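# Structural features, examined
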Amino acid sequence: MSFKKINLSDLSFNPFSKIGKEWMLLTAGNKDNFNTMTASWGQLGVLWSRNVLTCYIRPNRYTFEFVEKDEYFTASFFGEEYRKALSYCGSHSGRDCDKVKETGLTPAEIDSSMTFAEADMVFVCRKLYTYDMQESGFVTDDGIAEQNYSSAPYHKAYIAEIVEAYVKE
């Protein structure tokens, strides 16, 4: 499968559906050593006059190590027929299993970053800014912290410039 580079301004989709309902795979590393995870939290927009994606990764996730180490990562979006694969990648650790083997996804290198040949759309992202989320940052008392962080560590946020966008040819 091959990808065609496109201009971000040519894309038309609902980011609430694309990220929150369809999900994405965040992948970092190189062809010899990479990991991927499913994400359903994130934002797309403009910050500092740059097109950005913001994503959130818990420090206990295996992918966290790869994103921390590398300057670039990809956000890959798939059709509904890959829901089972994305569900697997979100519920299993690459420390304990071979996600590629288990899901049947085909690793693909794009701009020295890793994605999967089955993706419909891929953003190559360069980290610009990170911050650690923490309980003291919540300004409401409506249970968000308790619902999302009762036993798991707080996420680290990554604001990344979308340096290239690709769609399946």
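Residues numbered from 1 in each chain as written. Predicted model: local features only at pLDDT ≥ 70, side-chain atom pairs only at ≥ 80, totals over all residues. Heavy atoms only, no water.

Our focus in this paragraph is the pattern of salt bridges. For the structure on display, the rule yields nine salt bridges. For Glu-22, the salt bridge is made with Lys-18, and the minimal N-O distance between the two is 3.1 Å. Looking at Glu-22, the relative accessible area reads 29%, which means it is partly exposed. The network of salt bridges with common partners includes Arg-50, Glu-71, Arg-126 and Glu-161. (Salt bridge = Lys/Arg side-chain N within 4 Å of Asp/Glu carboxyl O. Buried < 20%, exposed > 50% of the residue type's maximum accessible area, 1.4 Å probe, protein only.)

What follows covers the side chain of Ser-76. Assignment of secondary structure puts Ser-76 in strand β6 (residues 72–77). You can call Ser-76 buried: its relative accessible area is 0%. A distance of 2.6 Å separates a polar atom in the side chain of Ser-76 from a polar atom in the side chain of Thr-115. When near neighbours in sequence (up to four residues on either side) are disregarded, Ser-76 contacts Met-24, Leu-25, Thr-115, Ala-119, Met-121 and Val-122. (Helix = DSSP H or I, 4+ residues; strand = E, 2+ residues; numbered from the N terminus. Polar contact = N/O pair within 3.5 Å; in protein donor to acceptor, adjacent residues only side chain to side chain. Contact = heavy atoms within 4.5 Å.)

Moving on, we get to the packing of aromatic side chains. Going through the model one piece at a time under the given rule, you end up with nine aromatic pairs. Where Phe-34 meets Phe-116, the ring centres are 6.2 Å apart and the plane angle is 65°; that geometry is what we call edge-to-face. On the criterion of sequence distance, the pair formed by Phe-34 in strand β3 (residues 33–39) and Phe-116 in strand β8 (residues 113–116) is long-range, its members being 82 residues apart. Three or more aromatic residues joined by ring pairs form one cluster here, namely Trp-48, Tyr-129 and Tyr-131. One Lys or Arg, Lys-18, reaches over the ring of Phe-13 and ends 5.8 Å from the middle of that ring. In this structure, Arg-83 is placed above the aromatic ring of Trp-23, and the distance from its NZ or CZ to the ring centre is 4.0 Å. (Phe/Tyr/Trp six-rings, centres within 6.5 Å; stacked < 30°, edge-to-face > 60°. Lys NZ or Arg CZ within 6 Å of the ring centre and 35° of its normal.)

Here we come to the pairing of β3. Burial analysis of β3 places six of its seven residues in the buried class, the great majority of the element. The pairing of strand β2 (residues 24–30) with β3 spans seven bridges and is antiparallel. Pairing of Thr-27 across the sheet is with Thr-36, part of β3. Between β2 and β3, which follow one another and run antiparallel, lie two residues. (Pairing = 2+ DSSP bridges.)

Let's shift gears to the environment of Asn-35. Counting through the fold element by element, Asn-35 comes out in strand β3. Judged by relative accessible area, which is 6%, Asn-35 ranks as buried. Separated by 58 residues in sequence, Asn-35 and Ser-93 have C-alpha atoms that sit 9.0 Å apart. The contact partners of Asn-35, leaving out residues within four places of it in the chain, are Leu-26, Thr-27, Ala-28, Tyr-62, Thr-63, Phe-66, Gly-94 and Lys-99. A polar contact of 2.7 Å, which involves the side chain of Asn-35, links it to the side chain of Thr-63.

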